[in-house]
Amino acid sequence: MVVAGTDQGKSFLTDLLKARAFDRVVAVSNGGEARRAMIQDGYDLVLINTPLRDESGFELAVSVTQSSDSSVLVLVKAEMADEIAEKVEDYGVLIVPKPVSRQVFYQTLKIATASRKRMLGLKSENNKLQQKIEEIKLVDRAKCALIQYRRLTEQEAHRYLEKQAMDTRLTRRQIAEDIIKTYEG
């Protein structure tokens with residue numbers, strides 16, 4: 001998504017992105033439109049040409065990073081680039097000084113794309129770990145139910161869960177959920 005206050009800015013930035021195989025580019029004129037578009041659809045990249053008609057654009061950049069997985073590039077006047085970078089770099093916002101050099105723009109675009117891929121990979125790994133933790137919690141809860149209601153030892157409860165999973169060809173999670181339903185449900 002391109003967010004620029006002028007038609008010339010939108011056209012220029014859209015052309016730069018399309019030249020780098022971004023086939024679906026949405027261009028909006030202000031922060032309000034950008035926020036509404038973000039609610040309706042997800043974007044790999046949000047490119048903000050500051051200032052915008054209704055705001056500076058920096059609040060939008062921070063908001064996008066906090067509410068989505070999008071990479072965010074902000075174009076600012078060269079004399080303000082360092083000052084603005086200090087304010088937004090902790091949020092993962094990349095700053096591109098204006099006037100824009102195509103080479104610097106494309107290098108920053110590559111960095112943004114690579115960073116997003118890495119972040120999505122880490123997020124996926126985090127989700128897998130969260131699911132594993134949930135499974136462990138369920139299995140432990142099921143073991144506790146077996147210990148309490150069937151008077152099994154922890155080792156016997158563990159073995160019972162494993163055997164049930166093998167015999168029924170269900171996951172340990174499914175067996176644990178069934179045990180919890182039976183004894184606690």
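For the structure, see preceding data.
A quick note: this is a predicted structure, and the numbers were derived from the prediction, not measured.

Trainee: Kindly report on the overall build of the chain, identifying the contributing residues and their values.
Mentor: Looking only at helices and strands, the chain has seven helices and five strands in total. Reading the secondary structure of the chain in the N-to-C direction produces β-α-β-α-β-α-β-α-β-α-α-α. What you see for the chain is a C-alpha radius of gyration of 25 Å, clearly larger than the 16 Å of a compact globule of 185 residues, by over 25%. Projected onto the principal axes, the alpha-carbon positions of the chain cover approximately 75 × 30 × 30 Å. Going through the 185 residues of the chain one by one, you find that 38% of them count as buried. Sequence-distant contacts in the chain: of pairs separated by 6 or more residues, those separated by 24 or more amount to 56%.

Trainee: Pulling in residues and values, what's your account of the packing of helix H1 (residues 7–18) against helix H5 (residues 102–149)?
Mentor: The interhelical angle for the contact between H1 and H5, taken along N-to-C directions, is 60°, at an axis separation of 11 Å. On the basis of their axis angle, the class for H1 and H5 is oblique. The element H1 and its partner H5 pack so that their crossing is right-handed. Facing H1, whose interface residues are Phe12, Leu16 and Leu17, H5 presents Arg102, Phe105, Tyr106 and Leu109. For the contact of H1 with H5, the residue count by class is six nonpolar, no polar and one charged.

Trainee: Got a sec to walk through H1? Specific residues and values, please.
Mentor: Given a rise of 1.5 Å per residue, 12 residues ought to cover 16 Å, and the 16 Å separating the end C-alpha atoms of H1 matches this to within 8%. For H1, every residue scored as buried is listed here: Gly9, Lys10, Leu13, Thr14, Leu16 and Leu17. On an axial view of H1, the arc spanned by its buried residues comes to 160°, and they lie on one face. Summarising the geometry of H1, the exposed residues directed more than 90 degrees from the buried face are Asp7 and Gln8.

Trainee: Give a description of the sheet that holds strand E4 (residues 71–77) that names residues and reports values.
Mentor: One open sheet holds the five strands; their spatial order is E2-E1-E3-E4-E5, and the pairing between them is parallel. Either end of the sheet is taken by a strand with one partner, and the two such strands are strand E2 (27–28) and strand E5 (94–98). With three bridges joining them, strand E1 (residues 2–4) and strand E3 (residues 45–49) adopt parallel strand pairing. Bridging across to E3, valine 3 finds its partner in isoleucine 48. Across the face of the sheet, helix H4 (residues 81–88) comes into contact with E4 and E5 while running at roughly 165° to E5. Sheet strands touched by H5: E3, E4 and E5. Its angle to E4, the strand with the most contacts, is close to 155°.

Conventions used here
Residues numbered from 1 in each chain as written. Predicted model: local features only at pLDDT ≥ 70, side-chain atom pairs only at ≥ 80, totals over all residues. Heavy atoms only, no water. Helix = DSSP H or I, 4+ residues; strand = E, 2+ residues; numbered from the N terminus. Rg over C-alpha atoms; globule rule 2.2 N^0.38 Å. Buried < 20%, exposed > 50% of the residue type's maximum accessible area, 1.4 Å probe, protein only. Contact = heavy atoms within 4.5 Å. Axes fitted to C-alpha atoms, helices over the stretch in contact; angles between N-to-C directions. Parallel < 35°, antiparallel > 145°, perpendicular 65-115°, else oblique. Left-handed = near helix turned anticlockwise from the far one by under 90°. Nonpolar A, V, L, I, M, F, W, Y, C, P; charged D, E, K, R; others polar. Expected span 1.5 Å × (residues − 1). Arc of directions from axis to C-beta. Pairing = 2+ DSSP bridges.

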